[in-house]
Amino acid sequence: MAHVDAGKTTLSEALLYRSGALRQLGRVDHQNAFLDTDPIERERGITIFSKQAVLPLGETVITLLDTPGHVDFSSEAERTMGVLDYAVLVINGSDGVQGHTMTLWRLLKRYGVPVFLFVNKMDLSGTDRAALLKDLRAKLDDGCVDVGDGTDDAWQEEAAMADETAMETYLEEGKLSDAFLTGLVAERKLFPCCFGSALKLEGVDRLLDCLDRYTRQKAAPAAFGARVFKIARDGQGNRLTYLKITGGGLKVKTLLTGPSGAWEEKVDQIRIYSGEKFQAVERAEPGMVCAVTGLSRTKPGEGLGFEPQGEEPALEPVLACQVLLPEGQDPYTAMAKLRQLEEEDPQLRLVWNEQLREIHLQLMGQIQLEVLRRLALERFGLALSFGPGSIVYRETIAAPVEGVGHYEPLRHYAEVHLLLEPLPRGSGLRFGTVCPEDTLEGRWQRLILTHLAEKAHLGVLTGSPITDLSITLTAGRAHEKHTEGGDFRQATYRAVRQGLMAAESILLEPWYDFRLELPGEAVGRAMSDLQRMGGEVEAPEQSGAETVLTGAAPVAGLGDYAQEVTAYTRGKGRLSCSFRGYAPCGNQAEVVKAAGYDPERDLENPADSVFCAHGAGYVVKWDEVPAMAHVSSGVELAPEEEAPDAVPSGGTRRSWTGGLEEDKELQAIFERTYGKVKREAFRPAPKPARTSLDGEKYRILERERGPEYLLVDGYNIIFAWEELKAVAQDNLDAARQTLMDLLSNYQGFRKCEVILVFDAYKVPGSTREVSRYHNIHVVYTKEAETADAYIEKTTFELGKQKHRVRVATSDGAEQLIILGHGALRLSASIFRQEVEQTMGQISAILDRNNRRARTTPVRCAMDRAIAKKKGAGPS
């Protein structure tokens, strides 16, 4: 992976050549590179589609994926990250770390991919190895270490600085073993850096040596699992599903099942590609990347077998335009053909406007538009042109609001109540439920969640898609005889829309991070332009004879600015951009007025509801619907005088302060841990309501139910939390003990019944064991019983007894099942936030009682517990 023109494909070519996979070394500028197989790529000299090659390396076989570097095709690079064991990030030695390099680095961190770095083009004049390494450490990570040319191990002293245990080992033994270094790389604590010139084959052998010595294949379970990352078509038009086998194996003619049983199809052929050529095999083993024919309904990011569904991509299309078809071309036929291209590139989004019978397109940039025009002509004979470009906006809300939807024509019935809450920027959409099954059956609740996820819900300012929202089902009602599935679709859509109409909406616009290199005399003009755009500009930096400006600005201003830079610098200036995310629009009123969107005239997205009286249905305006609702949602918006305690940055408030008895129990926990605490008279804080962005508070009215239960899928949490996962690699017992200690403190503060479940289904002859560890229950399942099965059974039994049940797991299938039992879902990441917030509140209580703080808030208690299990002692 790399910024455009860093030499990524040239390095791939060099690696294949030096490993013996290629007999002749190709070059991008000669249009004979092994991996640039498409004619468009060879003409332009850039990679557009990710390519695969087999790289033999001694006893190891590596699958090499060469990805695009241009920002217009960065979504292609992001899709491959979900299947990577390791990444090689290529840096242009003459430019250093650039804007898109930082984007790739953040994505690699998000996907948890270990990274090797290759600093290319070191043969050019003006490159400084020491200065580049300093830049890498400052902008990427302190763990970036120059591994030299391989003639000595002097670099290991720098590598030992990446970890406390590594330093102790190095001081004792004078060196670090390959296995130890491999572990540091896998944990993303060490990032080996090689320097050289791929074109001249300098430093390539050292990179191959590092890949051979400091990588390891991940352990694969016996059950089948695979991750889809790409859809393509071969020269004969056959649909290819590219996937990585993560467990078990895959044979030809195997019947595969889609997520949630959505489809069943057989594998016709398994291909292992290397460049344009492929080898057909009968079976693909774990770790292999293969292309499969016979599957027509797969999508990039899908998990097959035990693999959960992938995360939503971080990169989003930022430009939009109308597709202009040739005269006489049927738009429906053209749309069906263009859907194939959308399938291959999910960030190329087609939108059909039924009223205008027009096709609109959302994409990343102008070069992607040119490639689309060429592909449509070559594949389908469609000579496309495009209308003027515009910006892809998003919408969100400023404060929590309740949305109500009612759909009751004659012999139909459904009512839905939703709580819409704003989330931090970049969060996307999240759906959940707190509706008890005694109010609405689980099957209807699952149907409502499906309807929430199946559609791109539009905002009410410009009709742009909504984002950064949590939508929670709070109540609903069905009729025993008259309710059908489609009724809840209508009620759900109307509830979302009604809530948006009642809320204060915010228009969001896309922003770019930019790097602008230009002569000194043009700096004033550039800074003036960027400030006029509403951008943020850092202090200018000198880079030789040029001045470098970095910062961020709206896409609306930077869209065509590269051409303007070329004009006023007479070709000496260069602008590079990378997608940053969405932020509130600086000229919202102007954009909304120009859009001319009237939400009440949008017949495909109605906010009004349908009620029934005297044997006929009638429409009720959206602002009158809540007063006519048939059920109470339990959500009450009420102003409060005092603001609650601050929420830690990036967190979501999910905790509460208990009464005096709970505080006494908490004090006892601290005294057992730290000794007697001398304190002043203690007054418990009042129970706060949850708070919206504008200071207004709301609370969900509590129903009379039994005590709250929390079930934790032990191994799922251990291997989802990076710190516990690192402990488990060395000592699984220590990881279990650490989790038990954390949950004991959590239970003491939260006052819920905690049941920690560990999987023992593969242990021959084992029987179910339930033990009491301090104040929590620990369950080891019996032989042939999984933790999932125990949790599903327990949630069902507890739900029947009217207990409030929550389950902490990131197992997608398990989450759906426990949701059907009326339990609340907690992903591993959300549960981690709760535990961290609990630790922070514990530290706050210590401070209020005049005890000298022993750790920094929030995470140090967890980190200290984990460090002890590693044997590192308190930090």
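Above: the structure in question.
These numbers were taken from a predicted model, which means no experiment stands behind them.

Cut-offs and rules
- Residues numbered from 1 in each chain as written.
- Predicted model: local features only at pLDDT ≥ 70, side-chain atom pairs only at ≥ 80, totals over all residues.
- Heavy atoms only, no water.
- Pairing = 2+ DSSP bridges.
- Helix = DSSP H or I, 4+ residues; strand = E, 2+ residues; numbered from the N terminus.
- Axes fitted to C-alpha atoms, helices over the stretch in contact; angles between N-to-C directions.
- Salt bridge = Lys/Arg side-chain N within 4 Å of Asp/Glu carboxyl O.
- Buried < 20%, exposed > 50% of the residue type's maximum accessible area, 1.4 Å probe, protein only.
- Core = buried A, V, L, I, M, F, W, Y, C linked by side-chain atoms within 4.5 Å.
- Contact = heavy atoms within 4.5 Å.
- Parallel < 35°, antiparallel > 145°, perpendicular 65-115°, else oblique.
- Nonpolar A, V, L, I, M, F, W, Y, C, P; charged D, E, K, R; others polar.

(A) A look at the sheet that holds strand β4 (residues 115–120). The parallel open sheet is built from four strands, whose spatial order is β3-β4-β6-β5. In this open sheet, the two edge strands, each paired with only one partner strand, are β3 (87–92) and β5 (144–146). Averaged over all adjacent pairs, the angle separating strand axes in this sheet is 30 degrees, with direction ignored. Two strands pair when backbone bridges link them, and β5 and strand β6 (residues 191–195) are joined in this way by three bridges, in the parallel orientation. Looking at the pairing, Val145 lines up with Pro192 of β6.

(B) Seen up close, the pattern of salt bridges. Tallied over the full model, the rule gives 43 salt bridges. We note a salt bridge from Lys621 to Asp608, for which the minimum N-O separation is 3.6 Å. Taken together, the residues Lys621 in the loop between β33 (616–620) and α18 (625–628) and Asp608 in the loop between α17 (588–595) and β32 (609–613) connect sequence positions 13 residues apart. Taking the relative accessible area as the measure of exposure, Asp608 reaches 17% and is therefore buried. Across the salt bridge formed by Arg736 and Asp733, the nearest N and O atoms sit 2.0 Å from each other. In this pair, Arg736 and Asp733 are both assigned in helix α22 (residues 732–750), three residues apart and thus about one turn of the helix distant. Given the relative accessible area of 14%, Arg736 is considered buried. For Asp733, a relative accessible area of 49% gives the class partly exposed. Salt bridges here are not isolated pairs; linked through shared partners, they connect Arg233, Arg239, Glu343, Glu344 and Arg379.

(C) Quick peek at the nonpolar core. Within the largest apolar cluster, 55 residues are counted, with the highest numbers of intra-cluster contacts made by Leu361, Phe514, Leu516, Leu558 and Tyr561. Ignoring sequence-local partners within four residues, the contact set of Leu558 consists of Tyr512, Phe514, Leu530, Met533, Ala553, Leu575 and Cys577.

(D) Up close: the packing of helix α1 (residues 8–18) against helix α9 (residues 204–213). Taken N-terminus to C-terminus, the directions of α1 and α9 make an angle of 75 degrees; their axes are 10 Å apart at the nearest point. Relative to α9, the element α1 is oriented roughly perpendicular. In contact with Leu11, Ala14, Leu15 and Arg18 of α1, α9 contributes Val204, Asp205, Leu207 and Leu208. Residues belonging to the contact of α1 with α9 are distributed by class as follows: six nonpolar, no polar and two charged.

(E) Structural context of the pairing of strand β27 (residues 505–519). Counting buried positions over the 15 residues of β27 gives 15, a clear majority of the element. As defined by bridge partners, strand β22 (residues 394–397) adjoins β27 across four bridges and the pair is classed as antiparallel. From the neighbouring strand, Thr396 faces β27, where its bridge partner is Ile506. Looking at chain direction, β27 and strand β31 (residues 574–584) are connected through ten bridges and run antiparallel. Counted as the bridge partner of Pro510 is Tyr582 from β31. Bridge count for β27 against strand β30 (residues 546–554) is nine bridges, and the pairing is antiparallel. Each bridged residue has a counterpart across the sheet, and for Glu517 the counterpart in β30 is Val548.

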